[in-house]
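Residue strings, one per chain:
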Amino acid sequence: WKMNGTAASLAELHSLATGLPENPPQVVICPPSTLLFRATDATHGSPIQIGAQDCHAEDAGAYTGDISASMVADSGATHVILGHSERRDAHRETDADVQAKTRAAWAAGLTAIVCIGESEAQRDADQTLDIIGGQLDGSLPEAVDAENTVIAYEPIWAIGTGKVPSIAQIKEVHDFIRTRLISRFGADIGNALPLLYGGSVKATNAVEIFAVENVDGALVGGASLKAADFAPIVAALAQS
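A. Region of interest: the sheet that holds strand β3 (residues 79–82). Taken in spatial order, the seven strands make up an open sheet running β1-β2-β3-β4-β5-β6-β7, and their pairing is parallel. Taken across any chain shown, the strands that pair with only one partner, and hence form the sheet edges, are β1 (27–29) and β7 (217–219). The average angle at which neighbouring strand axes cross in this sheet is 35 degrees, direction not considered. With three bridges joining them, β1 and strand β2 (residues 48–52) adopt parallel strand pairing.

So this is what it looks like as structure tokens:
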């Protein structure tokens, strides 16, 4: 949800829960930290899980304004987004920062949704796979498995812009990520790690994107704010 949402927005969670298909895919909503406790209450008994948008690498301390992984877990949340491009850019988070936060998330029993992605300048300079490979290498600790980590590829130039990479471009990057993960962690773990695509995913393009090999789901931004916009994306994944 990024920096959007107040208590009134929680009504969307109820609408989403009642509109999910039978046997839905995993659905995780990541509201602002101010709504974590209330969001877990609002979704109790439903298939929807709740995640945070970030956490600190330390469990406690003099870090005014930050939230620790244990605090996220204490809210009832099960996931946390780490290394989102907006954090890497605006807050200058490095791969090492993301890796440290990932370890903290695991220690608190959370699933880390680790984000990677290239800028438009890097894409234009034909550096996409180099950037993605470096971020994978630097952001993921060695103890990765399909229970504690999800990988989200989000081309920065497609986030909130309406621009969407071609299906061939999405496939190229997701295939590269899968191969890289298998090479580092072995076939069992590398093939099992969920790979999400993020970047202007909406109901009108979800079916086509989910048909791409090695795309296991989506990291959805603006289209997740309203149940009416998000539910068709969930349905598309359920049918893929």
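B. Up close: the pattern of salt bridges. Tallied over the entire structure, the rule returns 15 salt bridges. Notably, a salt bridge pairs Arg123 with Glu118, separated by 3.2 Å at the nearest N-O pair. The residues Arg123 and Glu118 share a single accessibility class, namely buried. Across the pair Arg178 and Asp216 runs a salt bridge whose closest N-O atoms are separated by 2.9 Å. With a gap of 38 residues between them, Arg178 in helix α8 (residues 167–185) and Asp216 in the loop between α10 (203–210) and β7 connect regions that are remote in the sequence. What makes Arg178 buried here is its relative accessible area of 6%.

C. Local environment of the packing of aromatic side chains. If you walk through the whole model with that rule in mind, you get one aromatic pair. Ring geometry for Tyr153 against Tyr197: centres 6.2 Å apart, planes inclined by 55 degrees, an arrangement best described as tilted. With Tyr153 in strand β5 (residues 149–153) and Tyr197 in strand β6 (residues 195–198), this pair connects stretches of sequence that are 44 residues apart. Residue Tyr197 is classed as buried on the basis of its relative accessible area, which comes to 0%.

D. Molecular detail of the packing of helix α5 (residues 95–107) against helix α7 (residues 128–139). Where α5 contacts α7, the axes come no closer than 8 Å and their chain directions differ by 40 degrees. Judged by the inter-axis angle, α5 sits oblique to α7. Handedness of the α5/α7 crossing: right-handed. Mapping the contact onto sequence places Asp95, Ala96, Val98, Gln99 and Thr102 in α5 and Gly134, Gln135, Asp137, Gly138 and Ser139 in α7. Residue composition of the contact of α5 with α7, by class: two nonpolar, six polar and two charged.

Calculation rules
Residues numbered from 1 in each chain as written. Predicted model: local features only at pLDDT ≥ 70, side-chain atom pairs only at ≥ 80, totals over all residues. Heavy atoms only, no water. Pairing = 2+ DSSP bridges. Helix = DSSP H or I, 4+ residues; strand = E, 2+ residues; numbered from the N terminus. Axes fitted to C-alpha atoms, helices over the stretch in contact; angles between N-to-C directions. Salt bridge = Lys/Arg side-chain N within 4 Å of Asp/Glu carboxyl O. Buried < 20%, exposed > 50% of the residue type's maximum accessible area, 1.4 Å probe, protein only. Phe/Tyr/Trp six-rings, centres within 6.5 Å; stacked < 30°, edge-to-face > 60°. Parallel < 35°, antiparallel > 145°, perpendicular 65-115°, else oblique. Left-handed = near helix turned anticlockwise from the far one by under 90°. Contact = heavy atoms within 4.5 Å. Nonpolar A, V, L, I, M, F, W, Y, C, P; charged D, E, K, R; others polar.

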